[in-house]
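The lines below spell out each chain.
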Amino acid sequence: MAAKVKQIIVSDHDAMSVMAADVVAETLGANPRAAISLPTGSTPVGMFEELIRRSHQGTVDLSQFQMFCLDEYLGVSPNNPNTLTSWLFRTFIVPAGIPAENVHTLPVTAANTTAAAASYEEAIVTAGGLQLAVLGIGGNGHIAYNEPGSEADSRTRVVDLTEESIAQAAGYFDGATVPRQAMTVGVGTLLEAEQIVLIASGEAKQKIIREALQGPLSADVPASWLRLQPDKTTVIIDEAAARLLD
Ligand code: PGA
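What you see is a predicted model, and the numbers here were worked out from it, not measured in a lab.

Enquirer: Break down unusual backbone geometry for me, citing the residues and quoting the values.
Expert: Of note, the phi angle at A144 is positive, near 50°, even though the residue is not glycine. With respect to the helices and strands, A144 occurs in the loop between β6 (130-135) and β7 (157-160). Judged by its relative accessible area of 10%, A144 falls in the buried class. Despite not being glycine, D174 shows a phi value in the positive range, around 55°. Among the structural elements, D174 can be located in the loop between α5 (163-170) and β8 (181-184).

This is how it looks when you write it as structure tokens:
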């Protein structure tokens, strides 16, 4: 049985967001050029707002860090407004004033996705390795788009999306058809980060947080693999998300 990861339970989404922003700011305070991966979804929005605020105040320097996206739909053009990358640009990268050349996006339109995925891994290594990976968790236990079935040693690759994830993505697709595959950074890639922070808030995450933190270590719940790295993983969750924990 793996050791327990550090769990920090805070009052609500705002408190979670401030604490997650603190971790990003501390990482950048120590190394403004750090490689950091940041998630998409409703969970990180408060963290992004906090980082944008601090960037405008001049209390965090976001001008030099290497930002690594975690996932993207396969085959979509970077100009498609429905993509995860476009969402990140609108929600965080542009308002925060992060130079676009510091943003690494998944090579989802490459002719050879296997080779392109390997190059993405190489880009992470060239940037010095991920100093910090901030992750959300899907209702099905996915981290990035490592869907159920993803093994602990999986690398950046193309994956089939579950119906649940496709339905969730439809909310961002404005009526357009959601691709059925994505490219995601692997679980193994994420487990190599120097520090890992998983954020979750709200009742909707109660069940999956319990399974991830207290259920079996299993590819059925990819987030459970984070418990293989208890010394460098911190889970920041609000009281609503933590309610079913022992
Ligand atoms: P959410 O998505 O933040 O919108 O809940 C999380 C995820 O699917 O990773």
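Read on for the rest.
Enquirer: Residues and numbers for the packing of helix α2 (residues 45-57) against helix α3 (residues 84-96), please.
Expert: Put simply, α2 and α3 touch, their axes get as near as 8 Å, and they point 20° apart. Between α2 and α3, the angle is such that the two are roughly parallel. Helix-helix and strand crossings are classified by hand; for α2 and α3 the assignment is left-handed. From α2, V45, F48, L51, I52, S55 and H56 reach across to α3, where they touch W87, L88, T91, F92, P95 and A96. A breakdown of the residues in the contact of α2 with α3 according to their chemical character gives nine nonpolar, three polar and no charged.

Enquirer: Any chance you could break down the site of the ligand for me, citing the residues and the numbers?
Expert: The immediate surroundings of the ligand are formed by G41, S42, T43, G136, I137, G138, H142, Q168 and K205. One of the side-chain N or O atoms of T43 is found 2.4 Å from an oxygen atom in the ligand. Here an oxygen atom of the ligand and a side-chain polar atom of H142 are 2.7 Å apart. Considered on its own, the ligand offers 280 Å² of accessible surface; in the complex 86% of this is hidden by protein. Classifying every residue of the shell around the ligand gives one nonpolar, seven polar and one charged.

Definitions and limits used
- Along each chain, residues carry numbers from 1 onward, in the same order as the chain's sequence is written.
- Residue-level local features of this predicted model are given only where pLDDT is at least 70; pairs of side-chain atoms are given and counted only at 80 or more, and the full residue set underlies all totals for whole chains, interfaces and linings.
- The side-chain quantities take in all heavy atoms of the structure and omit both hydrogens and water.
- The helix and strand labels rest on DSSP assignments: H or I over at least four residues marks a helix, E over at least two residues marks a strand, and numbering proceeds from the N terminus.
- For every residue, the accessible area (1.4 Å probe, protein chains only) is compared with the maximum for its type, and the residue is labelled buried under 20%, exposed over 50%, or partly exposed between those bounds.
- For every element, the axis is a line fit to its C-alpha atoms; helices are fit only across the contacting stretch, and the angle between N-to-C directions ranges from 0 to 180 degrees.
- To sort the angles, those under 35 degrees are grouped as roughly parallel, those over 145 as roughly antiparallel, those from 65 to 115 as roughly perpendicular, and the leftovers as oblique.
- Note on convention: near helix rotated counterclockwise from far helix by under a right angle means a left-handed crossing. Clockwise means right-handed.
- What makes two residues a contact is simply this: any of their non-hydrogen atoms within 4.5 Å.
- Under the convention adopted here, Pro, Cys and the residues Ala, Val, Leu, Ile, Met, Phe, Trp and Tyr are nonpolar, Asp, Glu, Lys and Arg are charged, and Gly plus all remaining residues are polar.
- Near is defined per residue: the residue qualifies when any heavy atom it owns lies within 4 Å of the molecule or strand.
- Distance and chemistry together define a polar contact, namely a pair of N or O atoms within 3.5 Å, with one atom able to donate a hydrogen and the other to accept it when in protein, and with adjacent residues in sequence counting only for side-chain atoms on both sides.
- Working definition of accessibility: Shrake-Rupley area with a 1.4 Å probe, residue cover restricted to the visible protein chains.

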